[in-house]
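The chain contents come next:
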Amino acid sequence: KLIFFTVKDWKESKNKIIERIQAKFPKQDLIIRSSAIGEDGQTESMAGAFESVTDVDSGNSQHLISSIEKVIKSYHQNYNPLNEVLVQLVVKNVSMSGVLLTHELNNGSPYYVINYDDESGETNTVTAGDSEYSNRTLYIYRKAINNIRSKRFSTLVASIQEIEKVMENKFLDIEFALDDQLNVFILQVRFITT
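Summarised in this report is the structure supplied together with it. Being a predicted model, the structure only gives us computed values, none of them experimental.

## Looking at the sheet that holds strand β1 (residues 2–6)
No. 1: With antiparallel pairing, 4 strands are arranged side by side in an open sheet as β1-β4-β2-β3. The outermost strands of the open sheet, each flanked by one partner alone, are β1 and β3 (53–57). When strand polarity is set aside, the average angle formed by the axes of neighbouring strands in this sheet is 25 degrees.
No. 2: Bridge analysis of strand β2 (residues 29–35) against strand β4 (residues 84–89) gives 6 bridges, and the strand direction is antiparallel. Residue pairing across strands places R33 opposite L86, the latter belonging to β4.
No. 3: Across the sheet, helix α1 (residues 7–24) lies against β1, β2 and β4, angled at about 165 degrees from β1, the strand it touches most.
No. 4: Sitting on the sheet, helix α2 (residues 61–73) touches β1, β2, β3 and β4, and the angle it makes with β3 is about 160 degrees.

Quick look at the structure:
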């Protein structure tokens, strides 16, 4: 589930947006994320350039407002009234999370490269790169996906192939999480820009 709005919308109707968020996500933990113009484009990713705020209680209007303002403030030099703010549910019961590249980043070799954390239960250890669990990597040759024996990795790769079809692009950088039932949550998709 997702709600998004522009900075312009926020400036014009902050209270209506808070009401909309609270109606869609009653008493739930949220993450407030950036979606700036120019972020995650075909020539530049700007990954990590802007703020995200996690574990925001949807029932606490003041916490919602301050978290949204923090994300908007992080746009500073890239400010544009059409920049967006994304509001999503926090994924619970995380069994694995990370980043999947649909090709090897340095030379474009045909491998799914999965950097993952299956220990911490968090969704940001790989993207932050500052955890003891953030350095596991699995390479899967694109022509050998039928040989994957792990249920969690075959489920993940099947989801990624669906995204490749929808995006009509096989050069993607995808943040993901799996819960303890192996449901796949796609947190963000961007083009590989190198």
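## Re the packing of aromatic side chains
No. 1: All told, the structure shown has 4 aromatic pairs when counted by the stated rule.
No. 2: Residues Y111 and Y141 carry aromatic rings whose centres are separated by 5.4 Å and whose planes lie at 55 degrees to one another, so their mutual orientation is tilted. Highlighted residues: Y111 in strand β6 (residues 111–117) and Y141 in strand β7 (residues 136–141), separated in sequence by 30 residues.
No. 3: With a relative accessible area of 34%, Y141 lands in the partly exposed category.
No. 4: Their ring planes at 75 degrees and their centres at 5.2 Å tell us that Y116 and F153 sit as a pair that is edge-to-face. Of this pair, Y116 sits in strand β6 while F153 sits in helix α4 (residues 151–167), and the two are 37 residues apart along the sequence.

## Comments concerning α1
No. 1: Look at α1: only 20 Å from first C-alpha to last across 18 residues, short of the 26 Å you get at 1.5 Å a residue.
No. 2: Burial in α1 covers these residues: V7, W10, I17, I18 and I21.
No. 3: As for α1, its buried residues are in contact with β1, β2, α2 and β4.

## Regarding the pattern of salt bridges
No. 1: Overall, the coordinates contain 10 salt bridges when judged by the stated rule.
No. 2: Among the ionic pairs, E12 bridges to K8, the shortest N-O distance being 3.1 Å. Residue E12 and its partner K8 are both found in helix α1; the two are separated by 4 residues, about one turn of the helix.
No. 3: Sharing partners across several salt bridges, the network here consists of R33, D173, E175 and R190.

Conventions used here
- Residues numbered from 1 in each chain as written.
- Predicted model: local features only at pLDDT ≥ 70, side-chain atom pairs only at ≥ 80, totals over all residues.
- Heavy atoms only, no water.
- Pairing = 2+ DSSP bridges.
- Helix = DSSP H or I, 4+ residues; strand = E, 2+ residues; numbered from the N terminus.
- Axes fitted to C-alpha atoms, helices over the stretch in contact; angles between N-to-C directions.
- Contact = heavy atoms within 4.5 Å.
- Phe/Tyr/Trp six-rings, centres within 6.5 Å; stacked < 30°, edge-to-face > 60°.
- Buried < 20%, exposed > 50% of the residue type's maximum accessible area, 1.4 Å probe, protein only.
- Expected span 1.5 Å × (residues − 1).
- Salt bridge = Lys/Arg side-chain N within 4 Å of Asp/Glu carboxyl O.

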